[in-house]
Amino acid sequence: MIRIGERGVEMEDDGKSLRDLFIMEGRECIDSINQYLRKMPDGLSEQDIDEFFRQVHTLKGLAGTMGFKTMVLLAHRVEGLLDMLRKQKVKITDEFEELVTEGCDILEAMLEEVVESGNVTVEDQEYVEKVKRFVSGVEGSNEMGRGEERVMGAGEREGVMRDSRYKITIILEEDTSMPSVRLLQIATLLEKASLKPIASIPSWDDLLKGTDALTIELYYSSDADVDKVIKTVKRVGDVRKVEMEVLEKTQSSKEIAGESAEGGHERGAPTYHRGGVGVRTKMEEPILKVRYSTLEGIMSCVEELVIIKNHIAGLTALEGDRKLKEAVWTLSKTIEDLHWRMIDLGMVPLENIFNMFPRLARNIARKLNKKVVLIVEGGEIKLDRAIVDQLYEVILHLIRNAIDHGIEPPEERKRIGKPEKGKIILKALRERTHVIIEIKDDGRGIDKELVLRRAVEKGIISPEAAKNATDKEAFELLFLPGFTTAESVSEISGRGVGLDVVRTHISNLGGLLEISSKKNVYTSIRLTLPITRSLVRSLIIEHCGVRYALPIYHVKEIVSPTNYTEVVLDGKKRASVRGTLYPVYDFVGEHLTLKMERERKVLIILERGQEEFGILVDRVLYPREVVIRPLKGSLKNVRGYSGYTIMGDGSVVPILDVNAIGTV
């Protein structure tokens, strides 16, 4: 059952799908809106403004179909501001940008409240007053222009009809319980299908107020696909008839107006006039929307298939005949292809979260009385959704730090010859089997001497160690729990909580965090992340009788025992390969000494960001695609391992965390 209450559509279990559809499509609108908010400081083209307006208009229609009147009215206010911009009554100023951004923030908050509680209770009266004051200052009036959705006078109505190319009339069943909601839903669906009317009778405002009309006329100026219109309208219940009519240029506007007057509809069979209307020649590829939880369930089944496939492959390698091995090889390739296709389905573009940050950066900068522009690049790059979902808080914290600690106040920047507005670049790029996300600012950089001085004051390192510390060693101190260089605590930062958590989050994702900085020039933080956490190509190795999985994208080279030379510097082992020295670590993180090694081992040279080092193992067995399982319970916080995998024979093999080697 679905019924209209004061706060919107109240649904029992069978109506939950309607709310889910509203949330899904509403979030798509918000994502698009965020893209235009991000572009606004640099200016919007006419096409951008039209599309921005359309997305807010669509969100308003969606809210109208659910009966969320507060959300509808707020969207109408934002839409009105954009309409003023579209009609060139205003320009994009800081005040205008802030007003539109605030309205969109409230709309997003309302949508998220629907997600949490199913209703909208967020108040917007203060915002409405701000808009009224702004509009009053622009137009000299306390009333906001209704633009294309105001009630039309007879002359204007006749002009709209004369400019229209065709008309669609939709008639509902006599017993429709919520006609205005149905008509709003139809108009919104047609607009989502790229059919944007230039006018409607009844008007959009009348529908929002709850008209009892069972018929709606929609006037369009562009060609339409008849089949597309019919199929779109038929998706909605309670529709009795659909009439589509081409408005011939020879037909007078008065005849059209008379034909469209209230009560003037013929209630005969639906008629479709195809003159001037494009007929579809090729079926569009349908888009299927599936819950992420459903994909996760299918992915779990596919991962089990991968484990079974590995088991069968291991058995046939020992005992199978040639035909059986060929069949197993074909099966293996098919399952691997299926697995990667499932992984691809779970990928989402980084712009899903990237588009939120320019707005957040401006809000943070405003609180700190700073001027900042955030430039976003590489948002089209895709990552596993499980990774992207955990990146939002990480990137937000790093951007906060960049604004608070990095970007100087406008007066200070001007004094030292920098532009008053600081610049932060949020960039993503793809490298082989991983993605690099960089947050770089042009602020004051990291003061190495200040960091070391604070570390000595806190007793973290000795004065002698501080004197000989490299940049990398100094920057590493910033990731110690509770360490901060801030003089005072603010609501933004300064408590020494965060950077250690950031590193832990990235490490848990199988990623790496690196810092580089130059005083008074820049600070750069690079996050290196795997594309997916569900499957990783690994090198199966054996050491001291135990098998381990080593992610292969970290492996630079495998060196046989006879092709490297052991060198000891300061009591610690190095490996010399073709004249290059590499530090050598044990799995538990200490430098190896000669006493620990009684026989020659295989040297594996690993890459960790810009760092290269080696580990020694007894044997390298074979490469294998492995399914990653997370560590749980008491093992969850054990460093040195990023998870485990189940081999074909049922044995459990730990997966080495390359980021922890030499640091545990």
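Heads up: these notes are all about the structure in this document. (Residues numbered from 1 in each chain as written. Predicted model: local features only at pLDDT ≥ 70, side-chain atom pairs only at ≥ 80, totals over all residues. Heavy atoms only, no water.)

### Side note on the nonpolar core
Ranked by internal contacts, the top residues of the largest apolar core, which has 62 residues, are Leu350, Phe354, Leu391 and Ile437. The element that contributes the greatest number of residues to this core is helix α15 (residues 385-406), accounting for 10 residues. Setting aside chain neighbours within four positions, we find isoleucine 437 in contact with Leu350, Phe354, Leu391, Ile395, Leu426, Lys427, Ala428, Ile525, Arg526, Leu527 and Leu529. Residues Ile23, Leu62, Leu99 and Val114 belong to the second largest nonpolar core, which totals 42 residues. (Core = buried A, V, L, I, M, F, W, Y, C linked by side-chain atoms within 4.5 Å. Buried < 20%, exposed > 50% of the residue type's maximum accessible area, 1.4 Å probe, protein only. Helix = DSSP H or I, 4+ residues; strand = E, 2+ residues; numbered from the N terminus. Contact = heavy atoms within 4.5 Å.)

### Concerning the packing of helix α3 (residues 69-86) against helix α4 (residues 94-117)
When two helices pack together, their arrangement is given by the angle between the helix axes and by the axis-to-axis distance. Interhelical geometry of α3 versus α4 gives an angle of 155° and a closest axis separation of 10 Å. Taken together, the axes of α3 and α4 lie roughly antiparallel to each other. As α3 runs across α4, the sense of the crossing is left-handed. Contacts from Thr70, Met71, Leu74, Ala75, Val78, Leu81, Leu82 and Leu85 in α3 reach Phe96, Leu99, Val100, Gly103, Cys104, Ile106, Leu107, Met110 and Leu111 in α4. (Axes fitted to C-alpha atoms, helices over the stretch in contact; angles between N-to-C directions. Parallel < 35°, antiparallel > 145°, perpendicular 65-115°, else oblique. Left-handed = near helix turned anticlockwise from the far one by under 90°.)

### With respect to the packing of α15 against helix α20 (residues 499-508)
Packing of α15 against α20 brings their axes to within 10 Å, and their N-to-C directions diverge by 145°. As α15 runs across α20, the sense of the crossing is left-handed. Mapping the contact onto sequence places Gln390, Leu391, Val394, His397, Leu398 and Asn401 in α15 and Leu499, Val502, His505 and Ile506 in α20. Class assignment for the residues of the contact of α15 with α20 results in six nonpolar, four polar and no charged. (Nonpolar A, V, L, I, M, F, W, Y, C, P; charged D, E, K, R; others polar.)

### Here's the deal with the environment of glycine 118
Following the sequence through the fold, glycine 118 ends up in the loop between α4 and α5 (125-139). A relative accessible area of 6% means that glycine 118 is categorised as buried. Sequence separation between glycine 118 and arginine 19 is 99 residues; the distance between their C-alpha atoms is 7.7 Å. When neighbours within four sequence positions are excluded, glycine 118 is seen to be in contact with Arg19, Phe68 and Glu113.

### Some details on the sheet that holds strand β3 (residues 166-172)
Spatially, β4-β5-β3-β6 is the arrangement adopted by the four strands of the open sheet, whose pairing is antiparallel. Each of the sheet's edge strands pairs with one partner strand only, and the pair in question is β4 (199-201) and β6 (239-246). Each strand axis lies, on average, 15° off the axis of its neighbour in the sheet, ignoring direction. By the bridge criterion, six bridges tie β3 to strand β5 (residues 215-220) in an arrangement that is antiparallel. Paired with isoleucine 168 across the strands is leucine 218, a residue of β5. (Pairing = 2+ DSSP bridges.)

### Side note on the packing of aromatic side chains
As enumerated under the stated definition, the model contains five aromatic pairs in all. When the ring of phenylalanine 96 is compared with that of phenylalanine 134, the centres are 6.0 Å apart and the planes differ by 45°; the resulting orientation is tilted. Taken as a pair, phenylalanine 96 in helix α4 and phenylalanine 134 in helix α5 lie far apart in primary sequence, 38 residues in all. Taking the relative accessible area as the measure of exposure, phenylalanine 134 reaches 8% and is therefore buried. A cation over an aromatic ring shows up here: arginine 86 above the ring of phenylalanine 53, its NZ or CZ 3.8 Å from the ring centre. (Phe/Tyr/Trp six-rings, centres within 6.5 Å; stacked < 30°, edge-to-face > 60°. Lys NZ or Arg CZ within 6 Å of the ring centre and 35° of its normal.)

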